[in-house]
Amino acid sequence: MGLENRSFKGKFFIDTAPLIYFIEGNEKYQEVLDRFFKSNQQGLSILYSSALTLTELLVHPMKLNREDLVQKYELILTQSQYFELIPLDVEIAKLASMLRVKYGLKTPDAIQLATSIQVGCDFFLTND
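Just so you know, these numbers come straight off a predicted model, no measurement behind them. (Residues numbered from 1 in each chain as written. Predicted model: local features only at pLDDT ≥ 70, side-chain atom pairs only at ≥ 80, totals over all residues. Heavy atoms only, no water.)

Quick notes on the overall build of the chain
Stated formally: A helix here means a DSSP run of H or I that spans at least four residues, while a strand means a run of E at least two residues long, and both kinds are numbered starting from the N terminus. We take the radius of gyration over the C-alpha atoms and set the globule estimate at 2.2 Å times the residue count to the 0.38 power. To sort residues, take the accessible area from a 1.4 Å probe on protein chains only and compare it with the maximum for the residue type: under 20% means buried, over 50% means exposed, and anything in between is partly exposed. By definition in these notes, contact holds between two residues if any of their heavy atoms fall within 4.5 Å.
A tally of helices and strands in the chain yields six helices and four strands. Of the regular secondary structure in the chain, the N- to C-terminal order runs β-α-α-β-α-α-β-α-α-β. Taken against the 2.2 N^0.38 rule, which gives 14 Å for 128 residues, the C-alpha radius of gyration of the chain at 14 Å falls within 12% of a compact globule. Principal-axis analysis of the C-alpha atoms places the extent of the chain at approximately 40 × 35 × 25 Å. With 128 residues in all, the chain has 39% of them scored as buried. Expressed as a percentage of contacts within the chain between residues at least 6 apart in sequence, the contacts between residues at least 24 apart total 67%.

Thoughts on the nonpolar core
Our working definition: We call a set of buried residues a nonpolar core when its members are Ala, Val, Leu, Ile, Met, Phe, Trp, Tyr or Cys and they connect through side-chain atoms within 4.5 Å of each other.
Counting residues in each nonpolar core, the largest one holds 20 residues, and the members touching the most others are I14, L19, F36 and F37. Among the elements that take part in this core, helix 2 (residues 30-41) stands out by supplying four residues, more than any other. The contacts of I14, once residues within four sequence positions are left out, are L19, F36, F37, Y48, S49, T53, F83 and L125. One finds F13, Y48, A96 and C121 within the second-largest nonpolar core, a separate group that totals 13 residues.

Considerations on the layout of surface pockets
Short version of the rule: Here a cavity denotes grid points, spaced 1 Å and computed from the protein atoms alone, that fit a 1.4 Å probe unable to get out, and a pocket denotes an open set having protein on both sides within 12 Å along at least 5 of 7 lines; residues with an atom within 4 Å of a point are the lining. Grid points are joined across faces, edges and corners, and a volume is the space filled by probe spheres set on the points. Three residue categories are used. Nonpolar comprises Ala, Val, Leu, Ile, Met, Phe, Trp, Tyr, Cys and Pro, charged comprises Asp, Glu, Lys and Arg, and polar comprises the others, including Gly.
Volume-wise, the largest pocket comes out at about 210 Å³. Residue lining of the largest pocket: L19, F22, I23, F37, N40, Q41, L47, I76, S80, Q81, Y82 and F83, and that is the complete set. Elements with a contribution of two residues or more to the lining of the largest pocket: helix 1 (16-24) and helix 2. Of the residues contributing to the lining of the largest pocket, the split by class is eight nonpolar, four polar and no charged.

With respect to unusual backbone geometry
Of note, the phi angle at N65 is positive, near 55 degrees, even though the residue is not glycine. Its relative accessible area of 71% is what places N65 among the exposed residues.

Here you go:
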């Protein structure tokens, strides 16, 4: 993810994988993600993601019939003070289409990147 020596100030778009790693306690990334999210809780950074992230995040808990995890994930993405979930709109859809054409991205990746650009994020956090 490339966060080991980074200052966590600014507007960050966060893709699905880092959220899963943080919520589920992935040992490989936990230390750096703890620092990342702590800076967010202190108001040093603002996090954004797209509604697509919620879709991707809920699949596994729903397959497991884990309503507790569904509620936990939804709460994290919709009720956090310094985290904003951005809905897909026409402008994002058009920009995602242009990114697909220009860079050959898959639709989910293009939507995530287009959302980040539309919001004006300084950084894009992913593990792709």
